[in-house]
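Chain and residue survey
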Amino acid sequence: MTNQQLIKSAHIWALTVLLACGLLAVAGKAGVIIQSQNSNQNGNANGNSNTANANQSQNNNANRAANRNSATTGATGQQTGMANLSSQDRDFLMDAAMGGLEEVELGRIAAQQGASDAVKQFGQRMVDDHSQANTELMNLATSKGITLPTALDEKHHKDVTKLSGMSGAEFDRAYSKMMLSDHKKDVSAFEKQSNKGADPDLKAFATKTLPTLQEHLQMATALPGNAGSNSSGGGRTTNRNSNANNNMNDNSNMNMNSNMNMNSNRNSNSNRNSNRNGNSNSNNSNRP
């Protein structure tokens, strides 16, 4: 092989090596780029996955909160329009709404489970009157952007549950006592709102409803077991009148006997005096 051929062969090998090195370099860069892209893609995918999980978690929490709110809104109402009311007006509005709901619920139970006709009739009257008042109050609140409770809270629900477990005379006594106490408080609260309330619409509602509540209080006083009922005080009154009459009769008899004795004594004394006078006259006539 000549020198020229050797030189050409060396050049060829050198070019081959250079090409191989270039290909390897290009392949290496390509691998790095692909790996980087894959890493970025994986990172983005993980980031998107985490974001999706976070969003889902937030949605789940929001749903739970919404469910909790929907479960309790019925007993608490919505307070969005309360900011425009004074504290007294807010308290009156919520107490009147909750108290009205309880009166209706207890009235239904009394109409069904009451032992006496008086309790049954009073219970039905509570259902009728307080249902009407509740509707008027709810419409008034709605006009002010306020949603009143539509279900009893825990405290009032316990009262209803306790009373619904009774029957007969025990139920009548417990219901009568509760109605007397509740309506004393109601009349006092409505009188205060009627005189000192700040919101004119709530004042007008209190003034309009107050006479009905006062009538309810009079009716509750006359329920069986309460102080003003005929069943509790009638016997004592009759006995007192009877004793008084007996005492009067005894005194009358004593006076009559005394008068008779006095008259008898007087007549006896008169007769004695008459006899003495007669004897004296007779003796005088016999003297010479």
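Remember, predicted model here, so these are calculated numbers, not experimental data. Within any chain, residue numbers begin from 1 and follow the written order of that chain's sequence. Owing to the predicted nature of the model, reporting of local features is limited to residues with pLDDT of at least 70; listing and counting of side-chain atom pairs is limited to 80 or more, with chain, interface and lining totals taken over all residues. In computing side-chain values, all of the structure's heavy atoms are included and hydrogens and water are not.

**Topic: the packing of aromatic side chains**
- Stacked, tilted and edge-to-face are the three classes applied to pairs of Phe, Tyr and Trp rings, where Trp contributes its six-membered ring and a pair requires centres within 6.5 Å; stacked means planes under 30 degrees apart, edge-to-face means over 60, and tilted covers the rest. Per the stated rule, a full pass over the model turns up 4 aromatic pairs.
- For the ring pair Phe171 and Tyr175, a centre distance of 5.7 Å and an interplane angle of 5 degrees mean the geometry is stacked. Of this pair, Phe171 and Tyr175 both sit in helix H5 (residues 168–196), 4 residues apart, roughly one helical turn.
- For Phe171, a relative accessible area of 0% translates into the label buried.
- The buried label goes to any residue with under 20% of its type's maximum accessible area, the exposed label to any with over 50%, and the partly exposed label to all in between, with areas taken from a 1.4 Å probe on protein chains only. Given a relative accessible area of 0%, Tyr175 falls into the buried group.
- Through a chain of ring-to-ring contacts, the aromatic side chains of Phe92, Phe190 and Phe205 assemble into a single cluster. Helix and strand assignments follow DSSP, with helices taken as H or I runs no shorter than four residues and strands as E runs no shorter than two, numbered in order from the N terminus.

**Focus on the nonpolar core**
- Only buried Ala, Val, Leu, Ile, Met, Phe, Trp, Tyr and Cys residues count toward a nonpolar core, and they belong to the same one when joined by side-chain atoms within 4.5 Å. Membership of the largest hydrophobic core comes to 36 residues, with the highest contact counts inside it found for Leu93, Leu137, Leu148, Phe171, Tyr175 and Phe190.
- Mapped by element, the contributors of at least two residues to this core are helix H2 (87–113), helix H3 (117–143), helix H4 (154–164), H5 and helix H6 (200–221).
- The element best represented in this core is H2, accounting for 8 residues.

**Here we look at the pattern of salt bridges**
- Each salt bridge in this description consists of a side-chain nitrogen of Lys or Arg and a carboxyl oxygen of Asp or Glu lying within 4 Å of one another. Inspection of every chain in the model, using the stated rule, returns 8 salt bridges.
- With its nearest N and O atoms 3.1 Å apart, the salt bridge here joins Arg125 to Glu215. With Arg125 in helix H3 and Glu215 in helix H6, this pair connects stretches of sequence that are 90 residues apart.
- On the basis of relative accessible area, Glu215 is assigned to the partly exposed category, the value being 35%.
- A salt bridge links Lys144 to Asp199; its shortest N-O distance comes to 3.0 Å. Taken together, the residues span a long stretch of sequence, with Lys144 in the loop between H3 and H4 and Asp199 in the loop between H5 and H6 at a distance of 55 residues.
- Residue class for Lys144 comes out partly exposed when judged on its relative accessible area of 24%.

**What about the confidence of the model for the chain?**
- Per residue, pLDDT measures the predictor's confidence, with a range of 0 to 100. Per-residue confidence for the chain gives a mean pLDDT of 74, with 56% of residues at or over 70.
- Of all the helices and strands in the chain, helix H7 (residues 230–286) carries the lowest mean pLDDT, 46, while H6 carries the highest, 97.
- Note on contacts: a residue pair qualifies if any of its non-hydrogen atoms lie within 4.5 Å across the two residues. In the model, residues 60–72 has pLDDT below 50 throughout and makes 0 contacts with residues more than four positions away in sequence or in other chains.
- In the predicted structure, residues 277–288 sits below a pLDDT of 50 and forms 0 contacts with residues beyond four places in sequence or in another chain.

**With respect to the environment of Ser143**
- As for its position among the elements, Ser143 is in helix H3.
- For Ser143, the side chain forms a polar contact with the main-chain oxygen of Leu140, separated by 2.5 Å. For the purposes of these results, a polar contact is taken to be a pair of N or O atoms within 3.5 Å, where, inside protein, one atom must be able to donate a hydrogen and its partner to accept one; residues adjacent in sequence count only when each atom of the pair is a side-chain atom.

**A short note on H4**
- Buried within H4 we find His156, Val160 and Leu163. Axial view of H4: buried residues confined to an arc of 70 degrees, hence all on one face. Turned more than 90 degrees from where H4 packs its buried face, Glu154, Lys155, Lys158 and Lys162 sit exposed.
- Residues of H4 that are buried sit in contact with H2 and H5. Here, the arc refers to the directions that run from the helix axis to the C-beta atoms.

**Digging into the side chain of Gln193**
- Mapped onto the secondary structure, Gln193 falls in helix H5.
- Judged by its relative accessible area of 1%, Gln193 falls in the buried class.
- Within the structure, Gln193 has its side chain in polar contact with the side chain of Asp89 (distance 2.9 Å).

**Structural notes on H5**
- By this rule the span expected of a helix is its residue count minus one, scaled by 1.5 Å. Here H5 spans 42 Å end to end across 29 residues, near enough to the 42 Å set by a 1.5 Å rise per residue.
- The complete set of buried residues in H5 reads Phe171, Asp172, Tyr175, Ser176, Met179, Leu180, Asp182, His183, Val187, Phe190, Gln193 and Ser194.
- Close packing links the buried residues of H5 with H2, H3, H4 and H6.

**Some words on the side chain of His156**
- By the secondary structure assignment, His156 is in helix H4.
- Setting aside its immediate chain neighbours within four residues, His156 contacts Met98 and Glu102.

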